[in-house]
Amino acid sequence: MEHLVNTHEIVLTSPLDMHIHFREGAMLRVVAPLSAEAFAGGVIMPNLTPPVDGLDRLLQYRTEIDEAIAGAIFAPYMTLFFRAYDEVELRAARPHIIGVKLYPAGVTTNSEAGVQRIRDAEPTLAIMEELGIPLLVHGETSGFVLDREREFLSIYARLAQRFPRLTIVMEHITTRDAVALLDEYPNLYATITLHHLQLTLDDVAGGLLQPHLFCKPIAKRPEDRDALLRAALAPHPRVMFGSDSAPHPVSAKEAAGCAAGVFTAPVALPLLAEMFEQHDALDRLQTFVSDNARRIYGVTPPEKKVLLWREPWQVPARYGDVTPYYAGRTVAWQLAQRQSRAGP
Ligand code: DOR
Ligand code: ZN
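Residues numbered from 1 in each chain as written. Chains lettered and ligands numbered in written order. Predicted model: local features only at pLDDT ≥ 70, side-chain atom pairs only at ≥ 80, totals over all residues. Heavy atoms only, no water.

Examining the packing of helix H11 (residues 268–278) against helix H12 (residues 285–297)
Applied cut-off: Note on geometry: axes are C-alpha line fits, over the in-contact stretch for helices, and angles between N-to-C directions span 0 to 180 degrees. Starting at the N terminus, helices and strands are each numbered in turn, a helix being any DSSP run of H or I of at least four residues and a strand any DSSP run of E of at least two. Any angle that is under 35 degrees is reported as roughly parallel, and any over 145 degrees as roughly antiparallel; angles of 65 to 115 degrees are reported as roughly perpendicular and all others as oblique. When checking whether two residues touch, look at their non-hydrogen atoms; a contact exists if any pair is within 4.5 Å. Amino acid classes used here: Ala, Val, Leu, Ile, Met, Phe, Trp, Tyr, Cys and Pro are nonpolar; Asp, Glu, Lys and Arg are charged; the rest, including Gly, are polar.
Across the interface, H11 lies against H12 with an axial gap of 9 Å and an inter-helix angle of 135 degrees. Overall, the two elements H11 and H12 adopt an arrangement that is oblique. On H12, the residues touching Leu269, Leu272, Ala273 and Phe276 of H11 are Leu285, Phe288 and Val289. Taken together, the residues of the contact of H11 with H12 break down into seven nonpolar, no polar and no charged.

A word on the side chain of asparagine 187
Keep this limit in mind: Only protein chains enter the calculation, and the probe is 1.4 Å; a residue is then buried if its accessible area is under 20% of its type maximum, exposed if over 50%, and partly exposed in between. Counting of polar contacts relies on pairs of N or O atoms within 3.5 Å, with two restrictions inside protein: one atom must be capable of donating a hydrogen and the other of accepting it, and residues adjacent in sequence are counted only when both atoms are side-chain atoms.
Here asparagine 187 lies in the loop between helix H6 (176–182) and strand E9 (188–192). Asparagine 187 gets classed as buried once you look at its relative accessible area, which sits at 7%. A polar contact of 2.9 Å, which involves the side chain of asparagine 187, links it to the backbone oxygen of phenylalanine 163. The residues contacting asparagine 187, other than those within four sequence positions of it, are Ala160, Phe163, Pro164, Arg165, Leu166, Thr167 and Ile168.

With respect to the packing of helix H1 (residues 25–38) against helix H2 (residues 55–68)
The condition is simple: Should the near helix be turned anticlockwise from the far one by less than a right angle, the crossing is termed left-handed; should it be turned clockwise, right-handed.
At a minimum axis distance of 9 Å, the contact between H1 and H2 shows a crossing angle of 55 degrees. Taken as axis vectors, H1 and H2 run oblique relative to one another. Crossing handedness for the pair H1 and H2: right-handed. On H2, the residues that touch Gly25, Leu28, Arg29, Ala32 and Pro33 of H1 are Glu64, Ile65 and Ala68. Its residues placed into classes, the contact of H1 with H2 shows five nonpolar, one polar and two charged.

Side note on the confidence of the model for the chain
Interpretation of the predicted coordinates at a detailed level should be avoided for regions scoring low in pLDDT. Test applied: Note on scores: pLDDT gives the predictor's confidence for each residue, bounded by 0 and 100.
Summarising the model, the chain shows a mean pLDDT of 95, and 96% of its residues fall at 70 or more. In the model, residues 339–344 has pLDDT below 50 throughout and makes seven contacts with residues more than four positions away in sequence or in other chains.

Brief notes about the pattern of salt bridges
Any two side chains of opposite charge can pair, on the condition that their charged atoms come close. Spelled out, the test is: Here, a salt bridge means any Lys or Arg side-chain nitrogen found within 4 Å of an Asp or Glu carboxyl oxygen.
Per the counting criterion, the structure on display carries 16 salt bridges. Two residues, arginine 310 and glutamate 277, come together in a salt bridge whose shortest N-O distance is 2.8 Å. In this pair, arginine 310 is assigned in the loop between strand E11 (305–309) and strand E12 (313–314) and glutamate 277 in helix H11, connecting sequence segments 33 residues apart. Classification of glutamate 277 as partly exposed rests on a relative accessible area of 25%. Between lysine 305 and glutamate 303 there is a salt bridge, with the nearest N and O atoms lying 3.8 Å from each other. Given the relative accessible area of 37%, lysine 305 is considered partly exposed. By relative accessible area, which is 56% here, glutamate 303 ends up exposed. Through salt bridges with shared partners, a single network forms among Asp53, Arg83 and Glu89.

So, a nonpolar patch on the surface
For clarity, the threshold we go by: Here a patch means residues that are over 30% exposed by relative accessible area and free of salt bridges, tied together within 9 Å if like-charged and within 5 Å if nonpolar (Val, Leu, Ile, Met, Phe, Trp, Tyr). Values of accessible area rely on a 1.4 Å probe in the Shrake-Rupley scheme; residue burial ignores everything except the protein chains shown.
A contiguous nonpolar surface patch, about 240 Å² in accessible area, is contributed by Phe144, Val145 and Leu146. Its location among the elements puts phenylalanine 144 in the loop between strand E7 (135–137) and helix H5 (148–162). Overall, the relative accessible area of 54% leaves phenylalanine 144 in the exposed class.

Quick notes on the site of ligand 1
Rules: Near is defined per residue: the residue qualifies when any heavy atom it owns lies within 4 Å of the molecule or strand.
Around ligand 1 sit 13 residues, and of these Arg23, Asn47, Thr108, Lys216 and His248 come closest. The contact in question runs from an oxygen atom of ligand 1 to an N or O atom on the side chain of asparagine 47, over 2.8 Å. Histidine 248 is positioned such that a nitrogen or oxygen atom in its side chain is 2.8 Å from an oxygen atom of ligand 1. Here ligand 1 has 290 Å² of accessible area as a free molecule, and 99% of this is covered by the chains.

Quick look at the nonpolar core
Put simply, the test is: Here the nonpolar core consists of buried residues drawn from Ala, Val, Leu, Ile, Met, Phe, Trp, Tyr and Cys, with membership extended through side-chain atoms lying within 4.5 Å.
Judged by nonpolar contacts, the single largest core of 102 residues is most densely connected at Phe22, Leu269, Leu272 and Phe288. Residues in contact with leucine 269, not counting those within four places in the same chain, are Leu12, Pro15, Ala38, Phe39, Val289, Val306, Leu308 and Leu335. One finds Val169, Met240, Ile296 and Tyr297 within the second-largest nonpolar core, a separate group that totals 18 residues.

Some thoughts on the coordination of the zinc ion (ligand 2)
To be explicit about the condition: Here the coordinating atoms are restricted to nitrogen, oxygen and sulfur within 2.8 Å of the metal centre, or 3.2 Å for Na, K and Ca, and because water is not among them the sites may look incomplete.
The coordination sphere of the zinc ion (ligand 2) contains the protein donors His19 (NE2), His21 (NE2) and Asp244 (OD), at a distance range of 2.0 to 2.1 Å. What makes histidine 19 buried here is its relative accessible area of 1%. By relative accessible area, which is 6% here, histidine 21 ends up buried.

Now the structure itself:
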């Protein structure tokens, strides 16, 4: 893949964010342009209220996204919220989706309509395997919070065995054990977020509680973060960048019951550049943020060169009423496009 790296700038070719929450309405209009500025495409999560679980609703949502990003070079790769779809529904949806996202019921934001028992999902998974539709999974049980992902790994293993031709993406993995599972089954893949490459539980709750770093799955132990970092920097051929950028209004984050989600879309590429540079791996960023996803999903994103400059950039305190990751802090890299803009 053609790309350029030197000490002052990087040109990424069609970077992709393979896990994003765009929301709807006013929030969508604030956050979607920020992703569309930095990325050439991304996988749009369906956990709206009510969930995106039918083709009509999905096409309507797609239109709303297209309006919000008007003029930007950005491919929204749409997903359906998992339910017991039949073959007719999935055949009709297939040209419009990149996959189906499965949430166990109740494990995260707007997942109440999720799956109660994974076994009940199997007839639909068999059809998806037949039709070549990838399965994206929020892999957490409802057990003790630090063990939820690890407890889910046996479910991933069972699904990978039962449906060997189904592409299964373990979304936003947070543990060393999940990284290790990738090497057990050839049809398992994973997305890794920016924040899970940087944070441990100590950053979230070790001092004053940090609501803007609270997300599901919660950040884990240093050795987990380090295993994720090794997988991203290599990069492991079956991992992709997926920010899980999940905006919530300040009022929902700085509240007695804090909503889960870290809003990273506007800072993702600058911080990834900074991190890959610190690890002497800038020449591998293209593979992590684009090439692996293209190969894994077989997508051809729109051609888009994204230029990053090595020039300090102070992250805005707010985008609309959302506090971004790294708010007010300085990052060593910035998107070149931002230079010409007065503010967010
Ligand atoms: O922290 C999270 N926020 N994790 C999820 O799985 C969902 C997301 C959201 O939609 O806010
Ligand atoms: Zn998510």
